[in-house]
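Given next are the chains, with one letter for each unit.
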Amino acid sequence: MISLEEFHLIRDYIEKHCGIYLSDEKVYLVETRLTALMFEQGCKSFRELYQKAVLDRTHVLRDKIIENITTNETYWFRDLHPFGILDEVLFKHYADEITAGRKDKIRIWCSACSTGQEPYSIAMTFREFMRENHRLRPDHIEITASDISSTVLFIGKMGRYDNLSMSRGLSEEFRDRYFVRGDKVWTIKDEIKQMVKFQKLNLQENFHHLGRQDIVFCRNILIYFSTEFKQNILRRIASLLRPNGYLFLGASESIIMYTQEYEMLRHAMGLYYQIKQNEEKHHAYSVR
Ligand SMILES: C[S@@+](CC[C@H](N)C(=O)[O-])C[C@H]1O[C@@H](n2cnc3c(N)ncnc32)[C@H](O)[C@@H]1O
């Protein structure tokens, strides 16, 4: 059993390395998710596991602790609304901009992408949009998908999903159109896979190397962070977004308490956020 002192050591270590904040009610979570790792590492206590992780210069054990603590729950077209908003509002707007020569491509960053269902759902939404808008091509969109966990990124990059994952949120029509059936596994077709570039990224780190984005998905991840870290990420996303850029959050998440930099918008029961226009910022970032 984990002691409160051990829990605090590990809790602080986790927050330091991935930003996830665990309140005292989460003792059970650390115990249940790290017990197997503790035995696998030959440790007799959680304190020993913590000490081993601190001394491990390779960071392999640190990454294993983070992988065990993070929740990777995801599914296709989660909450539906964001994809409806892309299709009915944003892709339409950007398509007009591209057609008028005012824009060359739509850049979207999926910032905690887990096993890939979210960025691939965006890619499928764009493909569907292209079926009606023949002037758009796949190279008119660039989707970057990132996560802290190498394991989930590996699954995303492979684009291979078992029957259970396939049954969560994906219509048969899309399944048959965009996936190839294997024995027990479905593989996403290259036409979708090639639209998404995966990379490892910890949201605690600087992400300006990604370049300016039109749309950021930061869904079902802020809930795990402290108020201070939420504010910090939202500020950095605001400076990454292009003027008038958009932010999507999870259905149960809100940013009203944490920042004034975004305006909340509604479309067909769905919520999304647009960066507020700031003359100075607009001027500084007006280069496409
Ligand atoms: C609950 S999943 C959300 C997946 C997807 N956005 C969705 O809404 O379906 C949260 C993801 O955030 C990742 N994560 C946790 N801490 C992170 C951090 N500091 N930086 C980047 N990703 C992180 C986890 O590995 C996990 O895959």
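Residues numbered from 1 in each chain as written. Predicted model: local features only at pLDDT ≥ 70, side-chain atom pairs only at ≥ 80, totals over all residues.

*Asks:* How do you make sense of the sheet that holds strand S1 (residues 106-110) when you look at a structure like this?
*Replies:* What holds strands together in a sheet is hydrogen bonding between their backbones, with the strands either parallel or antiparallel. With mixed pairing, 7 strands are arranged side by side in an open sheet as S6-S2-S1-S7-S8-S10-S9. The outermost strands of the open sheet, each flanked by one partner alone, are strand S6 (196-200) and strand S9 (262-267). Adjacent strand axes in the sheet meet at a mean angle of 25° when their direction is disregarded. Relative to strand S10 (residues 270-275), strand S8 (residues 241-248) runs antiparallel, the two sharing 2 bridges. Across the sheet, the residue bridging to Tyr-246 is Gln-274, located in S10. Strands in contact with helix H5 (residues 81-99) are S1, strand S7 (213-217), S8, S9 and S10; relative to S10, the strand with the most contacts, it is inclined by about 45°. Contacting strand S2 (141-147) and S6, helix H7 (residues 150-158) runs over the sheet at an angle of about 165° to S6. (Pairing = 2+ DSSP bridges. Helix = DSSP H or I, 4+ residues; strand = E, 2+ residues; numbered from the N terminus. Axes fitted to C-alpha atoms, helices over the stretch in contact; angles between N-to-C directions. Contact = placed C-beta atoms within 7 Å.)

*Asks:* In this structure, what is going on with unusual backbone geometry? I would like to understand it.
*Replies:* Glycine aside, the phi torsion of most residues is negative, and most peptide linkages are trans. The backbone of Asp-79 shows a phi angle near 70°, a positive value even though the residue is not glycine. Relative to the elements of secondary structure, Asp-79 occurs in the loop between helix H4 (60-69) and H5. Positive phi values are uncommon outside glycine, yet Asn-244 reaches one of about 70°. Inspection of the secondary structure puts Asn-244 in strand S8.

*Asks:* Looking at this structure, how should I read helix H2 (residues 27-40)?
*Replies:* Because the α-helix completes a turn every 3.6 residues, residues three or four places apart line up on one side. The terminal C-alpha atoms of H2, which comprises 14 residues, lie 20 Å apart, in line with the 20 Å expected from a rise of 1.5 Å per residue. Most pronounced at Leu-34, the bend in H2 amounts to some 45°. Taken residue by residue, H2 has Val-30, Leu-34 and Met-38 as its buried positions. Against helix H1 (4-18), helix H3 (46-55) and H4 lie the buried residues of H2. A positive phi of about 75° marks Gly-42, the residue just after H2. (Expected span 1.5 Å × (residues − 1). Bend = angle between axes of the 7 residues up to and from the residue. Buried ≥ 20, exposed ≤ 12 C-beta atoms within 10 Å, placed from the backbone.)

*Asks:* What am I meant to see in the domain arrangement of the protein here?
*Replies:* By convention, interface size is frequently given as the accessible area that disappears when the constituent parts associate. Each domain of the protein was delimited in the assignment, giving domain 1 (4-69) and domain 2 (81-284). On the side of domain 2, 11 residues touch domain 1, which itself brings 7 residues to the contact. The biggest single contributor to the side of domain 1 that touches domain 2 is H4, with 3 residues. (Domains from an automatic or database assignment.)

*Asks:* Would you explain the nonpolar core in this entry?
*Replies:* The tendency in soluble globular proteins is for nonpolar side chains to be buried side by side. Judged by nonpolar contacts, the single largest core of 57 residues is most densely connected at Ala-123, Ile-143, Val-216, Cys-218 and Leu-247. Top element by residues in this core is H5. It accounts for 7 residues. With sequence-adjacent residues up to four places away left out, Ile-143 is seen in contact with Ile-108, Cys-110, Pro-119, Ile-122, Ala-123, Met-195 and Val-196. Formed by 16 residues, the second largest nonpolar core is a distinct cluster that contains Met-38, Tyr-50, Ala-53 and Ile-66. (Core = buried A, V, L, I, M, F, W, Y, C linked by C-beta atoms within 7 Å.)

*Asks:* Would you mind going over the pairing of S7 with me for this structure?
*Replies:* Each regular strand displays side chains that alternate between the two surfaces of the sheet. Burial analysis of S7 places 5 of its 5 residues in the buried class, the great majority of the element. Here S1 pairs with S7 via 3 bridges, running parallel. Residue pairing in the sheet places Ile-108 in a bridge with Ile-215 of S7. Both S7 and S8 contribute to a ladder of 4 bridges, which runs parallel. Across the sheet, Phe-217 pairs through a bridge with Phe-248, a residue of S8. After leaving S7, the chain enters helix H11 (residues 227-240) and then returns to the sheet as S8, a path that is right-handed. (Right-handed = clockwise from strand over helix to strand, strands pointing away.)

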